[in-house]
Amino acid sequence: MDDSQLYADGLLLRPFEDPDAASFAAAVRESAQVMRRWMPWSSVDYRVEQALQWFQACRDGWAAGTACEYGIFDQDTAAFVGGAGLNKIQYDPRFCNLGYWVRQSCRGQGVAPRVVQALAVQAFGPLGLHRVEIVVAVGNLASERVAVKAGALREGVARNRLVIDGRPVAAHMFSLVP
């Protein structure tokens, strides 16, 4: 997991750094009304301390080889746009999950599909994986559109595939392969 910076058509993806915590927390608060249904960790009172805890978990995942989590930044302005990553990395049978979120004020600009494509290149190149899964809760139409636009194949609906707010929910299973 040497390649810690990725570029995606005007975007810079890089590991989170502690000075990003205030921007991260502000973006979560800005977006919580929309994100909360699918990402219960988000809240309108999300704090910098929570962001710092997440950043440490991200560093731990990088060190363990189980995750590559990135902050998404505008390449020109360095403004924080969102977060994305490859996680649950398994080298036998060589696959992972891919997740993403984009702050409310940056939605509708094609950010997420560009990020998905950049992360797929990372997964299939340097990481040597053979499959990337994008798991989207049934009803999360925005994330479904991202997966399709990024070229992922919809494989079906998996029952009780995700747990959101303590409840099992069905999810669309999308995949990318080299």
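Throughout what follows, the structure given in this document is the object of discussion. (Residues numbered from 1 in each chain as written. Predicted model: local features only at pLDDT ≥ 70, side-chain atom pairs only at ≥ 80, totals over all residues. Heavy atoms only, no water.)

### Here's the deal with helix H2 (residues 48-64)
Its 17 residues place the ends of H2 24 Å apart at the C-alpha level, agreeing with the 24 Å of an ideal helix rising 1.5 Å per residue. Residues of H2 that are buried include every one of Ala51, Phe55, Cys58, Gly61 and Trp62, and no others. The buried residues of H2 all sit within an arc of 115 degrees when viewed along its axis, so they share a single face. Summarising the geometry of H2, the exposed residues directed more than 90 degrees from the buried face are Gln53, Ala63 and Ala64. (Helix = DSSP H or I, 4+ residues; strand = E, 2+ residues; numbered from the N terminus. Expected span 1.5 Å × (residues − 1). Buried < 20%, exposed > 50% of the residue type's maximum accessible area, 1.4 Å probe, protein only. Arc of directions from axis to C-beta.)

### Let's talk about the sheet that holds strand E6 (residues 131-137)
On the basis of which strands lie adjacent, the open sheet formed by 8 strands has the order E1-E2-E3-E4-E5-E6-E8-E7 and mixed pairing. Since the sheet does not close on itself, it has two edges, and those belong to strand E1 (6-7) and strand E7 (153-164), each with one partner. The pairing of E6 with strand E8 (residues 167-176) spans 6 bridges and is classified as antiparallel. Among the inter-strand pairings, Ala137 is bridged to a residue of E8, identified as Ala171. (Pairing = 2+ DSSP bridges.)

### Some points on the environment of Ser31
Of note, Ser31 is situated in helix H1 (residues 21-35). Relative accessible area serves as the criterion here: at 0%, Ser31 is assigned to the buried category.

### A few points about the side chain of Ser175
Along the polypeptide, Ser175 turns up in strand E8. Looking at Ser175, the relative accessible area reads 5%, which means it is buried. In this structure the side chain of Ser175 is engaged in a polar contact, spanning 2.7 Å, whose partner is the side chain of Glu155. Excluding residues that lie within four positions of it along the chain, Ser175 makes contacts with Arg131, Val132, Ala152, Leu153 and Glu155. (Polar contact = N/O pair within 3.5 Å; in protein donor to acceptor, adjacent residues only side chain to side chain. Contact = heavy atoms within 4.5 Å.)

### Notes on the nonpolar core
Counting residues in hydrophobic clusters, the biggest one holds 36 residues, and the most contacted among them are Leu13, Tyr100, Leu119 and Ile134. Listed by contribution, the elements that provide at least two residues to this core are strand E2 (11-14), strand E3 (67-74), strand E4 (80-90), strand E5 (95-102), helix H3 (111-124), E6, helix H4 (141-149) and E8. It is H3 that contributes the most residues to this core, 8 residues altogether. In this view, Ile134 contacts Leu98, Tyr100, Val116, Ala147, Ala152, His172, Met173, Phe174 and Leu176; residues no more than four positions away in its chain are not counted. (Core = buried A, V, L, I, M, F, W, Y, C linked by side-chain atoms within 4.5 Å.)

### Here's the deal with H3
Here H3 is 14 residues long and its end C-alpha atoms lie 20 Å apart, about the 20 Å a rise of 1.5 Å per residue gives. For H3, the buried fraction is high: 10 of the 14 residues fall into the buried class. Residues of H3 that are buried: Val111, Ala112, Pro113, Val115, Val116, Ala118, Leu119, Ala120, Gln122 and Ala123.

### Re the side chain of Asn97
Note that Asn97 resides in strand E5. The class for Asn97 is buried, based on a relative accessible area of 11%. Dropping the residues within four chain positions of it, Asn97 is found in contact with Gly85, Leu86, Asn87, Lys88, Glu133, Val135 and Arg161.

### Things to note about the pattern of salt bridges
Taken as a whole, this structure holds 9 salt bridges when the rule is applied. Ionic pairing is found between Arg131 and Glu133, a salt bridge with its closest N-O pair at 2.8 Å. A relative accessible area of 23% means that Arg131 is categorised as partly exposed. (Salt bridge = Lys/Arg side-chain N within 4 Å of Asp/Glu carboxyl O.)

### Structural notes on the pairing of E7
By the bridge criterion, 8 bridges tie E7 to E8 in an arrangement that is antiparallel. Counted as the bridge partner of Arg154 is Phe174 from E8. Counting the residues between successive antiparallel strands, the hairpin from E7 to E8 contains 2 residues, one of them, Asp165, with a positive phi of roughly 55 degrees.

### Let's talk about the environment of Glu30
Tracing the backbone through its elements, the reader meets Glu30 in helix H1. Judged by its relative accessible area of 32%, Glu30 is partly exposed. Along the sequence, Glu30 and Gln50 sit 20 residues apart, while their C-alpha atoms lie 15 Å from each other. Apart from residues lying up to four places away in sequence, Glu30 is in contact with Arg103, Gln104 and Ser105. Of note is the side chain of Glu30, whose polar atom sits 2.7 Å from the side chain of Arg103.

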